[in-house]
Amino acid sequence: MKLCVIGTGYVGLVGAAIFSDWGNEVIGVDIDSAKIEKIKAGEMPIYEPGLAEIVVRNIGEKRLSFTTDMAEGIAHAEIVFICVGTPQDDTGAADLSAVLAVAKQIGESLTDYKVIVTKSTVPVGTNERVYELIRQNLKSPVEFDVASNPEFLREGSSVEDMRTTDRTVIGSNSPKALGILKNLYTHLGTPIVECDLRSAELIKYASNAFLATKISFINEIAQICERAHADISTVAKGMGLDSRIGPKFLRAGIGYGGSCFPKDVAALYRTSTDQAYDFKLLRGVMEVNERMKYNFLKNVTLHLGKNLSGKSLGVLGLAFKGDTDDIRDSVAIEVVKVLRGMGAKLKVYDPQAMYNSKRVLGEDNISYCLDSYEVMEKSDALFILTDWKEFGTIDLSRTKNLLANPLIFDGRNMLNVEKVQNMGFVYFAVGKRTNGVELLAEKDKVYQKAVLNNDH
Ligand code: UDX
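Each residue is numbered by its place in its chain's sequence as written, counting from 1. Where totals are concerned, whole chains, interfaces and linings use all residues; where local detail is concerned, this predicted model gives features only for residues with pLDDT of at least 70, and gives and counts side-chain atom pairs only at 80 or more. Processing note: side-chain calculations cover all non-hydrogen atoms of the structure and skip hydrogens and water entirely.

Q: An account of unusual backbone geometry is needed here, citing residue identities and associated values.
A: A positive phi is found at Ala276, a non-glycine position, where the angle reads about 60 degrees. Helix and strand assignments come from DSSP, with helices taken as H or I runs of at least 4 residues and strands as E runs of at least 2, each series counted from the N terminus. By the element assignment, Ala276 lies in the loop between α11 (261-274) and α12 (280-304).

Here you go:
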């Protein structure tokens, strides 16, 4: 099939690459000419394992090309995918300006029947606006259909996710459009949910909001574990083995971040209020997520005090999760900013997110290290803020020798409590009654008082 993919961010670039790998002829379009030139040269604008090889190979086999000329891309295609960004605006709603601008341009360039498919995450009713905008901007009467085909890709594993998706959602009010899109996906052999436009739009938000709810739920249980002498990893394991619950998205930590969950949860809440409904549970999910980093920092301030000037702290992890260079809405970055604000000097390392972090954090009281061990040198404490696998396998005796104090704050539960404590570290994690928490509890009841008064 002949496809055009507008927008070469995570969704668009991965989509274009995989569609072409399935044998389709794909043109990727972006207004950013520097980005297009880079991609053509095989240089990926994002860190996504496996992506570069697929892009380069399909360009070589002439199934995949890139242009800044949207009209050229549209003219070529039977199906046009809109994959531009929908960031959060000041009111919590999704900013649809890029989607609507593209729809207008599509209308202006349409000369024959095509299916226009929105992959960008857009609130209920947006595809109807897209349809109207295209119709209003047609230069001559042309038949076309719109469809919603949300993606469920996770950053860092999006290539794999697109190839082995659990399901494909296709929403359209046109049976012809549904048929054309089904042809594109049937070979995957996984379930295809065919539905109306609005249900498809909502499936995406409801899925992300539900996963975010799972995370906030387990993070709340973690708070109880820490106080009630239970262990969150064991509790999550015991819960997750129930097939009705499932083991995924039950990892407690300092909260969810990234380019999707925070904005999609806020946008769904906004949709509910727009529909005169107060989605109370979602309000709680957002509030809990915001609080998680302070629950983590509470142990830091109770142990080290609120004034951290003169302290040198080592930080492992800056990306919003492991396996990505993305720092958008990264809780790790927020924690770093708070620690710096309390006067600490920081040494930081992330396997992929150093460049992006430097642009956001600058160099004021932060030095950027080449690896985990450089971070540890003479640091008064070590923080683990992103779940990169390599942080879970750090050499603990080397760590102990390098740190000025054997003190670890693990915001992602990456280390084995027993092992760390047996080696003489004071250890804090999330949802675990570690020796660090015991120390605080014993000290002078400050811990209980602070917790009871919510004064931290
Ligand atoms: C998410 C959805 O998973 C994906 O389907 C959608 O298309 C885009 O949004 P992504 O943002 O790439 O994908 O990251 P994901 O792996 O879902 O993690 C989101 C955040 O939740 C990260 O900050 C992660 O660290 C956190 N998380 C995830 C937890 O804190 N605990 C968990 O158990 C799982």
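Following the structure, the description resumes.
Q: Which residues make up the site of the ligand, and what are the values?
A: Around the ligand, a shell composed of 18 residues is seen, among which Phe152, Leu153, Glu155, Arg251 and Lys321 lie nearest. In protein, a polar contact requires one atom able to donate a hydrogen and another able to accept it; more generally it is a pair of N or O atoms within 3.5 Å, and residues adjacent in sequence count only if both atoms are side-chain atoms. Contact between the ligand and Leu250: an oxygen atom at 3.3 Å from a main-chain N or O atom of the residue. Between Arg251 and the ligand, the recorded distance is 2.8 Å, taken from a backbone N or O atom to an oxygen atom. Only the protein chains shown count as covering a residue, and every accessible area follows the Shrake-Rupley method with a 1.4 Å probe. For the ligand, whose free accessible area comes to 670 Å², the fraction covered by protein is 96%. Whether a residue is near a molecule or strand is decided by its heavy atoms; if any one of them lies within 4 Å of it, the residue is near.

Q: Could you give an account of the domain arrangement of the protein, with specific residues and numbers?
A: An automatic or database domain assignment is the source of the domain bounds shown. As far as domains go, the protein holds domain 1 (2-195) and domain 2 (197-456). One C-alpha centre belongs to domain 1, the other to domain 2, and the line joining them spans 34 Å. Residue contacts are counted whenever heavy atoms from the two residues lie within 4.5 Å of one another. Taken together, the contacts link 34 residues of domain 1 with 27 residues of domain 2. Buried area is a sum: the accessible area each of two parts loses on coming together, probed at 1.4 Å, counted once for each and added. Here domain 1 packs against domain 2, burying approximately 2,500 Å² in sum over the two surfaces, 56% of which is carbon and sulfur. Considering only the surface of domain 1 that becomes buried against domain 2, Tyr47, Val124 and Glu155 emerge as the three largest contributors, covering 28% of it. Salt bridges are defined by distance alone: a side-chain nitrogen of Lys or Arg within 4 Å of a carboxyl oxygen of Asp or Glu. Taken together, the connections running from domain 1 to domain 2 amount to 3 salt bridges. Two residues, Glu128 and Arg198, come together in a salt bridge whose shortest N-O distance is 2.9 Å. Across the domain 1-domain 2 interface, the total number found is 14 residue pairs in polar contact (both at pLDDT 80 or more). A per-class count over the side of domain 1 that touches domain 2 returns 16 nonpolar, 13 polar and 5 charged. All residues other than Ala, Val, Leu, Ile, Met, Phe, Trp, Tyr, Cys, Pro, Asp, Glu, Lys and Arg, Gly among them, are scored as polar; the first ten of these are nonpolar and the last four charged.

Q: Could you give an account of the UniProt feature "active site" (unreviewed entry) in the protein, naming the residues involved and the relevant values?
A: Following the UniProt record, the feature "active site" (unreviewed entry) maps to Cys260 here. Among residues more than four places away in sequence, those in contact with Cys260 are Asn208 and Val265. UniProt positions are given in the numbering used here, feature names are shortened, and annotations may be inferred rather than shown by experiment.

Q: Residues and numbers for the sheet that holds strand β13 (residues 407-410), please.
A: Paired strands are those between which DSSP finds at least two bridges. Taken together, the 6 strands give an open sheet; going across it, the order is β11-β10-β9-β12-β13-β14, and neighbouring strands pair in parallel fashion. A strand with exactly one partner marks an edge of an open sheet, and here the two such strands are β11 (366-368) and β14 (426-428). Neighbour-to-neighbour, the strand axes of the sheet open up by a mean angle of 20 degrees, direction not taken into account. Sheet analysis places strand β9 (residues 312-316) next to strand β12 (residues 381-384), joined by 4 bridges and oriented parallel. If you follow Leu313 over to β12, its bridge partner there is Ala381. Geometry is summarised by axes, namely lines fitted to C-alpha atoms with helices restricted to the contacting stretch, and by angles between N-to-C directions that run from 0 to 180 degrees. Running at roughly 160 degrees to strand β10 (residues 345-349), helix α13 (residues 331-341) makes contact with β9, β10, β11 and β12 of the sheet. Relative to β11, helix α14 (residues 354-361) is tilted by about 160 degrees, and along the sheet it contacts β10 and β11.

Q: Explain the packing of aromatic side chains residue by residue, including any values.
A: Ring pairs shown here join Phe, Tyr and Trp side chains whose ring centres sit within 6.5 Å, with only the six-membered ring taken for Trp; geometry is labelled stacked below 30 degrees between planes, edge-to-face above 60, and tilted in between. Applying the stated criterion to the full structure yields 11 aromatic pairs. Taking 6.3 Å as the distance between ring centres and 80 degrees as the angle between the ring planes, the aromatic pair formed by Phe296 and Phe383 counts as edge-to-face. Pair noted here: Phe296 is in helix α12 and Phe383 is in strand β12, with a separation of 87 residues, a long-range link. On the basis of relative accessibility, which here comes to 5%, the residue Phe296 falls in the buried class. Only protein chains enter the accessibility calculation, which uses a 1.4 Å probe; a residue whose area is less than 20% of its type maximum is buried, one above 50% is exposed, and one in between is partly exposed.

Q: I'd like to hear about the pattern of salt bridges, residue by residue, with values.
A: Summed over all chains, the structure comprises 28 salt bridges. The closest approach of N and O atoms between Arg328 and Glu155, which form a salt bridge, is 3.6 Å. A residue pair is termed long-range when its members are at least 10 positions apart, and Arg328 in the loop between β9 and α13 and Glu155 in the loop between β6 (144-148) and α7 (158-163) qualify at 173 residues. For Arg328, a relative accessible area of 43% corresponds to the partly exposed category.

Q: Please give an account of the side chain of Asn413 that cites residues and values.
A: With respect to the helices and strands, the residue Asn413 is situated in the loop between β13 and α17 (417-422). Among the polar contacts made by the side chain of Asn413, one reaches the main-chain amide nitrogen of Val430 at a distance of 2.8 Å. Apart from the residues lying within four places of it in its own chain, the contact partners of Asn413 are Ile232, Ala252, Tyr427, Ala429, Val430 and Lys432.

Q: Outline the packing of helix α5 (residues 97-109) against helix α6 (residues 126-137), supporting the account with residue identities and numerical values.
A: Axis angle and axis distance: for two packed helices, these are the angle between their axes and the distance between the axes, and together they describe the pair. It is at 7 Å that the axes of α5 and α6 come closest, and there the two elements cross at 35 degrees. Like other packed secondary-structure pairs, α5 and α6 cross with a definite hand, here right-handed. Contacts between α5 and α6 involve Val99, Leu100, Ala103, Lys104, Ile106, Gly107 and Glu108 from the first element and Arg129, Val130, Leu133, Ile134 and Asn137 from the second. By convention the crossing between two helices is left-handed if the near helix lies anticlockwise of the far one by an angle smaller than a right angle, and right-handed if it lies clockwise.

Q: Outline the side chain of Asn208, listing residues and values.
A: Mapped onto the elements of the fold, Asn208 is located in helix α9 (residues 197-228). Its relative accessible area of 8% is what places Asn208 among the buried residues. The contacts of Asn208, once residues within four sequence positions are left out, are Cys260, Phe261 and Asp264.

Q: I'd like a description of the nonpolar core, backed by residues and values.
A: Counting residues in hydrophobic clusters, the biggest one holds 64 residues, and the most contacted among them are Leu313, Leu339, Leu346, Phe383, Leu385 and Phe409. Excluding residues that lie within four positions of it along the chain, Leu339 makes contacts with Leu297, Val300, Leu308, Leu313, Ala344, Leu346 and Phe383. To qualify as a nonpolar core, a set must consist of buried Ala, Val, Leu, Ile, Met, Phe, Trp, Tyr and Cys residues joined through side-chain atoms within 4.5 Å. The next biggest cluster of nonpolar side chains, apart from the first, holds 39 residues, and it includes Ile6, Val102, Leu110 and Leu138.

Q: Pulling in residues and values, what's your account of α9?
A: Since the α-helix packs 3.6 residues into each turn, any two residues three or four apart lie on the same face. Taking 1.5 Å as the rise per residue, α9 with 32 residues should run 46 Å; its terminal C-alpha atoms sit 47 Å apart, in good agreement. The backbone nitrogen of Arg198 lies 3.2 Å from a side-chain oxygen of the residue at the head of α9, namely Asp196. Directly after α9, the chain includes His229, whose backbone phi takes a positive value near 60 degrees. Take the number of residues in a helix, subtract one, and multiply by 1.5 Å to get its expected span.

Q: So what's going on with the UniProt feature "binding site: substrate" (unreviewed entry) in the protein? Which residues, and what values?
A: If you check UniProt for "binding site: substrate" (unreviewed entry), the listed places come out as Phe152, Leu153, Arg154, Glu155, Lys204, Phe249, Leu250, Arg251, Ala252, Gly253, Gly257 and Lys321 in our numbering. These annotated residues cover 170 residues of sequence, and their C-alpha atoms reach 24.1 Å apart at the extreme, placing them across more than a single site. With respect to the helices and strands, Phe249 occurs in the loop between α10 (232-240) and α11. Contact partners of Phe249, with chain neighbours within four places excluded, come to Leu211, Lys214, Ile215 and Phe261. With respect to the helices, strands and loops of the structure, Lys321 is situated in the loop between β9 and α13. Among the residues examined, Lys321 registers a relative accessible area of 22% and is labelled partly exposed.

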